[in-house]
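# Overview (structure and organization)
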Amino acid sequence: MQLSELEEKMLRIGGQNVPTRIILLIASDAFFIVLGLVLVTAARFHDRSAIHNYLGSHLALPRFALVVVVCIISLYYNDLYNHHVRRQEAFVRLVQALGVTFIALAILYFADPDLALGRGIALLAAPTILTLAVAWRWLLEASGWNAKGGERLLLVGTSSTGIILVREIISRPELDLKVIGFLDEEGRNIGQPLVNPGIIGAASDVEQIAIREGVDRVILSLAERRGRTPIGQLLRLKFEGIGVEDAESLYESICGRIMLENLSPSWLILSDGFRKPNWLLLAKRVVDLAVSLLALLLLWPIFALVALTILVETGRPILFRQERTGMKGRSFEILKFRSMRQNAEANGPVWAATGDNRITAVGAFLRKYRLDELPQLFNVLRGEMSLVGPRPERPFFCELLAEKIPFYNLRHYVRPGITGWAQVKYQYSASVEETKAKLEHDLFYVKHFSLKLDLAIIFETAKVMLNGHGSK
């Protein structure tokens, strides 16, 4: 993928771009939290020398930093960096986030009293920070800073890939992208609507139209490129400073998934990514072992409580064991807390679906908050799984899906995970089409795998578990 102005304006997590608006919003939240603390300190002490002594203390920086970190994390887990949240809902979430922050800080202050802000400051800080945060977000919204129409794109070709891409761009106004229109390969359907807008010219006139419309980037979405790509014009545009990129790469960048539509073996062979150095694989394994051991030590009370509730509701067995396909197609026995009634698959393997009557009351709760997956920490210790990776599927379904979905078996080139990119970005799959969508996320992970991406997935997984989102 060519380096573009969009990529320069956006931070990258793994291979996916994070809009600049989120980075700026986090930075502004941190600023207003500190500002609120300073204002409250001034109001609390009145005397200039007392204020100077408090702010000049060697504990002032760690005290303020702790509040900022805890508050930002709470805002993140309350979806306040999600542009889909409405204004009225955002206010409620802000109140919730600050309430959680207050409780978390109280616990931390009990553990280390030296980190406490001091009597009266914490109580005054909460409404002050809330007022500043609400006022700032409403001001941003009123100013239209998130309005669509920043970078201007022109699509050369009318393939289904380009149409899907434009629909994604329209649904993501936070990307600040505006599609000027499509250029038809043959130049026969000018004026015909496709998505919004439609066809505004012919591919053979790309240079003239791009300059006339003030385009920032040209996106190639030709159904057939051989003999139809205006190479000379695209080269001249590129040397004029206009970016040229293919639709598949832009889709991958903004959606966090690799489009299976028209995906070819040659693209997979020539594409960057997929091959990872041995040191990175070793580092991932070390992290898996360390985190799994620590989690088992900390979570044993939850293990005991879950086991007791399953035993009381439906009796034994507590654990559910099932054959799954792992790395390089090797089979292993996965461990889960049982969430279905006994003999749930007496009539053969069946995908779990919404309203599945095989799921028990306790099982529904475990699935909603992903607690049924916790015993897989033992699978991680045995080297059969990783903390992060594509979810392992049953051999029966793997054979079925490999026949129906191209490149399905590529997901087996890494260890399967307790959680994964598809789990935090999609939902449980209950059909071939849904599994195809999950595979697009899995291939993105296999291509862009890094410890940084793993960390982002773990943070997102924690949010899913706390909110009970993303599960059927």
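Calculation notes
- Residue positions are given per chain, counting from 1 as you read along its sequence in written order.
- Restriction of local features to residues with pLDDT of at least 70 applies here, the model being predicted, together with a cutoff of 80 or more for giving and counting side-chain atom pairs; totals for whole chains, interfaces and linings are based on all residues.
- Excluding hydrogens and water, the side-chain figures rest on all heavy atoms present in the structure.
- Side-chain rings of Phe, Tyr and Trp, where Trp is taken by its six-membered ring, are said to pair if the distance between their centres is within 6.5 Å; with planes under 30 degrees apart they count as stacked, over 60 as edge-to-face, and otherwise as tilted.
- Each residue is assigned to one of three classes by its accessible area relative to the maximum for its type, calculated with a 1.4 Å probe on protein chains only: buried under 20%, partly exposed between the two thresholds, exposed over 50%.
- For two strands to be treated as a pair, DSSP must find at least two bridges joining them.
- Secondary structure elements follow DSSP: runs of H or I of four or more residues count as helices, runs of E of two or more count as strands, with numbering from the N terminus.
- Axis definition: a line fitted to C-alpha atoms, over the contacting stretch in the case of helices. Angles run 0 to 180 degrees between N-to-C directions.
- Should any heavy atoms of two residues lie within 4.5 Å, those residues are considered in contact.
- Surface patches are drawn from residues lacking salt bridges whose relative accessible area is over 30%; two like charges belong together within 9 Å, two nonpolar side chains (Val, Leu, Ile, Met, Phe, Trp, Tyr) within 5 Å.
- Only the protein chains shown count as covering a residue, and every accessible area follows the Shrake-Rupley method with a 1.4 Å probe.
- Each salt bridge in this description consists of a side-chain nitrogen of Lys or Arg and a carboxyl oxygen of Asp or Glu lying within 4 Å of one another.
- The predictor attaches a confidence to each residue, and that confidence, scored 0 to 100, is pLDDT.
- When the strands point away from the viewer and the path from the first strand over the helix to the second turns clockwise, the crossover is right-handed.

## Comments concerning the packing of aromatic side chains
Per the stated rule, a full pass over the model turns up nine aromatic pairs. Seen in terms of ring centroids, Phe365 and Tyr369 are 5.0 Å apart; in terms of plane orientation they differ by 50 degrees. Their pairing is tilted. For Phe365, a relative accessible area of 47% gives the class partly exposed. One aromatic cluster is present, built from ring pairs that chain together Phe31, Phe32 and Trp136.

## Observations concerning the sheet that holds strand E6 (residues 217-220)
Two pairing modes exist for strands in a sheet, parallel and antiparallel, and in both the strands are linked by backbone hydrogen bonds. One open sheet holds the five strands; their spatial order is E5-E4-E3-E6-E7, and the pairing between them is parallel. Edge positions in the open sheet fall to strand E5 (199-202) and strand E7 (243-246), since each of these has one partner strand only. Strand-to-strand twist of the sheet, defined as the mean angle between neighbouring strand axes without regard to direction, takes the value 30 degrees. When strand E3 (residues 151-156) meets E6, the two strands line up parallel, connected through four bridges. Residue pairing across strands places Val156 opposite Leu220, the latter belonging to E6. Sitting on the sheet, helix H7 (residues 160-170) touches E3, strand E4 (177-184) and E6, and the angle it makes with E4 is about 160 degrees.

## Quick word on a nonpolar patch on the surface
A cluster of nonpolar side chains, namely Val34, Val38 and Leu55, defines an oily patch on the protein surface of about 180 Å² accessible area. Mapped onto the elements of the fold, Leu55 is located in helix H3 (residues 48-55).

## Some words on the confidence of the model for the protein
Looking at the protein as a whole, its pLDDT mean stands at 83, while 88% of the residues score no less than 70. Within the protein, the lowest mean pLDDT, 44, falls on helix H1 (residues 5-8), and the highest, 96, falls on helix H14 (residues 376-381). Segment residues 1-10 is flagged for pLDDT under 50; beyond a separation of four residues in sequence, or across chains, it makes 24 contacts in the model.

## What about the pairing of E4?
Judged by how many residues are buried, E4 sits mostly within the fold: seven of eight residues are covered. Both E3 and E4 contribute to a ladder of six bridges, which runs parallel. Opposite Leu154, over in E4, you have Gly181 as the bridge partner. Crossover E3 to E4 through H7 is right-handed. Pairing of E4 with E5 involves three bridges; the strand directions are parallel. Its bridge partner lying in E5, Phe182 is registered against Ile199.

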